[in-house]
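This is what each chain is made of:
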Amino acid sequence: MRINNLELTDFRNYNHFFIEFDQGINILIGGNAQGKTNIIEAIYLLSVCKSFRTHINDQMIRFDHVFSNERMHQLELILSKESKKAKVDGKDILKISDYVGYLNAVVFVPDDLSLVKGSPSIRRKFLDLELSKISPIYVFYL
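### Comments concerning the pairing of strand S6 (residues 84-88)
As paired elements, strand S5 (residues 75-79) and S6 share five bridges and run antiparallel to each other. Across the sheet, residue isoleucine 78 finds its bridge partner in S6, namely lysine 85. Counted between consecutive antiparallel strands, the loop separating S5 from S6 contains four residues. Both S6 and strand S7 (residues 91-93) contribute to a ladder of three bridges, which runs antiparallel. Note on S7: the bridge partner recorded for valine 88 is lysine 91. Hairpin remark: S6 followed by S7, antiparallel, with two residues in the connecting loop; positive phi at aspartate 89, about 55 degrees.

### What to know about the environment of histidine 16
In this fold, histidine 16 is placed in strand S2 (residues 14-20). Not counting residues within four places of it along the chain, the set of residues in contact with histidine 16 comprises Glu7, Leu8 and Thr9. A distance of 2.9 Å separates a polar atom in the side chain of histidine 16 from a polar atom in the side chain of glutamate 7.

### What about the side chain of glutamate 7?
Assignment of secondary structure puts glutamate 7 in strand S1 (residues 2-11). Classification of glutamate 7 by relative accessible area gives buried; the value is 16%.

### Comments concerning a nonpolar patch on the surface
Together, Ile25, Ile27 and Ile29 make up a nonpolar patch on the protein surface, roughly 440 Å² of accessible area in all. Residue placement: isoleucine 27 occurs in the loop between S2 and helix H1 (36-48). Isoleucine 27 sits in the exposed class, given a relative accessible area of 66%.

### Looking at the pairing of S1
Within S1, seven of the 10 residues are buried, leaving the element largely enclosed by the surrounding structure. Pairing between S1 and S2: six bridges, direction antiparallel. If you follow leucine 6 over to S2, its bridge partner there is isoleucine 19.

### Observations regarding helix H4 (residues 120-134)
Compared with an ideal rise of 1.5 Å per residue, which puts 15 residues at 21 Å, H4 spans 22 Å between its outermost C-alpha atoms and is within 8% of the ideal. Among the residues of H4, Glu130, Ser132 and Lys133 are the ones counted as buried. Around the axis of H4, the buried residues are gathered within 160 degrees of arc, so they sit on the same side. Structural note: H4 exposes Arg124 and Ile134 on the side pointing more than 90 degrees away from its buried face. Close packing links the buried residues of H4 with H1 and helix H5 (136-141).

### Details of the nonpolar core
Core analysis: the largest hydrophobic core is formed by 21 residues, its most contacted members being Leu6, Leu8, Ile43, Leu77 and Tyr99. Secondary-structure elements contributing two or more residues to this core are S1, S2, H1, S5 and S6. Per-element accounting of this core gives the leading share, five residues, to H1.

The rules behind the values
- Residues numbered from 1 in each chain as written.
- Predicted model: local features only at pLDDT ≥ 70, side-chain atom pairs only at ≥ 80, totals over all residues.
- Heavy atoms only, no water.
- Pairing = 2+ DSSP bridges.
- Helix = DSSP H or I, 4+ residues; strand = E, 2+ residues; numbered from the N terminus.
- Contact = heavy atoms within 4.5 Å.
- Polar contact = N/O pair within 3.5 Å; in protein donor to acceptor, adjacent residues only side chain to side chain.
- Buried < 20%, exposed > 50% of the residue type's maximum accessible area, 1.4 Å probe, protein only.
- Patch = residues over 30% accessible without salt bridge, like charges linked within 9 Å, V, L, I, M, F, W, Y side chains within 5 Å.
- Areas by Shrake-Rupley, 256 points an atom, 1.4 Å probe, with all protein chains shown as cover.
- Salt bridge = Lys/Arg side-chain N within 4 Å of Asp/Glu carboxyl O.
- Expected span 1.5 Å × (residues − 1).
- Arc of directions from axis to C-beta.
- Core = buried A, V, L, I, M, F, W, Y, C linked by side-chain atoms within 4.5 Å.

In structure tokens:
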């Protein structure tokens, strides 16, 4: 699975941002507070329709050309203060569970130390989310 490019509109510190990714490894370099984490957040948001940083949905975000299972898809996620609207290949997705899995991403941040130090329920929740990305039947039974 590969992201060809990423387009952000009115997301975090970006009025409009477009980047094309190389097929190999991509490294984000820049000074503090320039938006590197915002790009990672946007990719993760596209993956699971949730931010790892906040639950406030008052920006819009758009992504293009994501490969899933060797097939190219156009994913779009529009966030407002009231709702989320997801599209795959231009078609509205009514259930988030039908959207999750097109792009898989895992993010570890300092707060994730609770996975090691915290209760088993925190670990189960993390594993449920990660397994849901790769198995639609797991989401169904969950």
